[in-house]
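# An overview of the molecular structure
Take a look at the letters that make up each chain.
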Amino acid sequence: MCSEWGEFVGEEGGLKFYTFPSLESLSKVEEEKLREMGFGYRARYIITAANQILEKGGDDWLKSLAQEKQTSKVRSELLSILGIGKKVADCISLFSLNKFDVVPVDTHVWQIAQEYMPKLRGKKLNDGLYEEIGNFFKEKFGEHCGWAHSVLFASDLSFFKKELLELDKAVKEEKVEEDQAIANGDGEKAKKVKAKRVRNETKVKEEIEGSVVEEAVESLLSPRALRKQKR
């Protein structure tokens, strides 16, 4: 989509980068073209949503939502756009409109919530329980409960755990390669390998720091912590 209707920004490492298409560009796209690109039934939503947003004021309307203090009003506005449901509206609010007190609930978050709210087990997610989960996080984490939810969501994905193991393995292998280059008197190669190793070590450190945040969030949701909070 970006390479088709966005503007070319530059090239780095053999990869070309483009801006995300403007509302004006998306509003004029042919539905069939989007379907050919694999967007399926969402093709109509993309074009219609772009036109609806333009009719509401375009970028200025989106900026006004970012400045709006009442998250309920922001959600209501977003729900007026074709194809946007409650969860997507909350995702947009949290990740794009600075509404950090919003907790989007999908199937994955529903499963996580049941670990800390046992009374949900055996039930099916509905509008009432959706709001109850959001209130639960808000009571525990206040105005930044949306990010607490995101930490738990990300940490529960096997992808991130696998990535950390792979990075750690790469760092060890690069250290061996660096030492061998030094032993062989190849200073240039040693320098390049070291630079790569340092970048990966930084990534590992960031992942570990993220795990510390995750543990802090989980500790606040532990049965003992919840009992203490109730007292």
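All of these numbers come straight from a predicted model, not from anything done at the bench. (Residues numbered from 1 in each chain as written. Predicted model: local features only at pLDDT ≥ 70, side-chain atom pairs only at ≥ 80, totals over all residues. Heavy atoms only, no water.)

### Examining the overall build of the chain
- In terms of regular secondary structure, the chain is built from 13 helices and two strands.
- Every one of the 231 residues in the chain was classed for burial, and the buried ones make up 31%.
- Long-range contacts, defined here as pairs at least 24 residues apart, represent 50% of the contacts in the chain between residues at least 6 apart.
- Accessible area of the chain: about 15100 Å², with a carbon and sulfur share of 51%. (Helix = DSSP H or I, 4+ residues; strand = E, 2+ residues; numbered from the N terminus. Buried < 20%, exposed > 50% of the residue type's maximum accessible area, 1.4 Å probe, protein only. Contact = heavy atoms within 4.5 Å. Areas by Shrake-Rupley, 256 points an atom, 1.4 Å probe, with all protein chains shown as cover.)

### So, the environment of R197
- If you trace the backbone, R197 turns up in helix α12 (residues 187-220).
- Taking the C-alpha atoms as reference, R197 lies 8.9 Å from E173; in sequence the two are 24 residues apart.
- If sequence neighbours within four positions are ignored, R197 has contacts with V171, E174, K175 and E178.
- At a separation of 2.7 Å, a polar atom in the side chain of R197 contacts the side chain of E178. (Polar contact = N/O pair within 3.5 Å; in protein donor to acceptor, adjacent residues only side chain to side chain.)

### Examining the confidence of the model for the chain
- Averaged over the chain, the pLDDT score is 84; the fraction of residues at 70 or greater is 83%.
- At the low end of the mean pLDDT range in the chain sits helix α13 (residues 223-230), at 44; at the high end sits helix α4 (residues 42-56), at 96.
- In the model, residues 211-217 has pLDDT below 50 throughout and makes seven contacts with residues more than four positions away in sequence or in other chains.
- In this model, residues 222-231 is a region of pLDDT below 50 whose contacts with residues beyond four sequence positions or in other chains number nine contacts. (pLDDT = per-residue confidence, 0-100.)

### Quick look at the pattern of salt bridges
- Following the criterion strictly, the structure yields 12 salt bridges and no others.
- With a shortest N-O distance of 3.0 Å, R75 and D90 are connected by a salt bridge. Residue R75 is located in helix α6 (residues 71-79), and its partner D90 is located in helix α7 (residues 86-96); the two are separated by 15 residues in the primary sequence.
- Its relative accessible area of 2% is what places D90 among the buried residues.
- With a shortest N-O distance of 2.7 Å, R75 and E131 are connected by a salt bridge. Linking R75 in helix α6 with E131 in helix α9 (residues 127-141), this pair joins segments that are 56 residues apart in sequence.
- We classify E131 as partly exposed; its relative accessible area is 30%.
- Here the salt bridges do not stand alone but share partners, grouping R75, K86, D90, D127 and E131 into one network. (Salt bridge = Lys/Arg side-chain N within 4 Å of Asp/Glu carboxyl O.)

### Quick notes on the layout of surface pockets
- Approximately 560 Å³ is the volume found for the largest pocket.
- Taken together, 23 residues form the lining of the largest pocket, with Y45, I46, A49, I84 and I92 sitting closest to its centre.
- Elements represented by at least two residues in the lining of the largest pocket include exactly α2 (23-27), α4, α5 (59-67) and α7.
- Class assignment for the residues of the lining of the largest pocket results in 20 nonpolar, two polar and one charged. (1 Å grid on protein atoms, 1.4 Å probe; cavity = no way out; pocket = protein on both sides within 12 Å on 5 of 7 lines; lining within 4 Å. Points joined across faces, edges and corners; volume = space filled by probe spheres on them. Nonpolar A, V, L, I, M, F, W, Y, C, P; charged D, E, K, R; others polar.)

### Here we look at empty space enclosed by the protein
- Under the definition given, this model contains one cavity of 30 Å³ or more.
- Along its surface, the largest cavity is lined by V109, I112, F137, H149, L152 and F153.
- Among the secondary structure elements, those contributing two or more residues to the lining of the largest cavity are α8 (107-116) and α10 (145-155).
- Sort the elements by how many residues they give to the lining of the largest cavity and α10 lands first, with three residues.
- Classifying every residue of the lining of the largest cavity gives five nonpolar, one polar and no charged.

### Some words on unusual backbone geometry
- Its identity is not glycine, yet N98 carries a phi of approximately 60°, on the positive side.
- Its place among the elements puts N98 in the loop between α7 and α8.

### Details of the environment of K99
- Tracing the sequence through the fold places K99 in the loop between α7 and α8.
- On the basis of relative accessibility, which here comes to 5%, the residue K99 falls in the buried class.
- A sequence separation of 33 residues divides K99 from A66, and the C-alpha atoms of the two residues are 7.6 Å apart.
- Apart from residues lying up to four places away in sequence, K99 is in contact with L65, A66, Q67, E68, T71, V74, S93 and L94.

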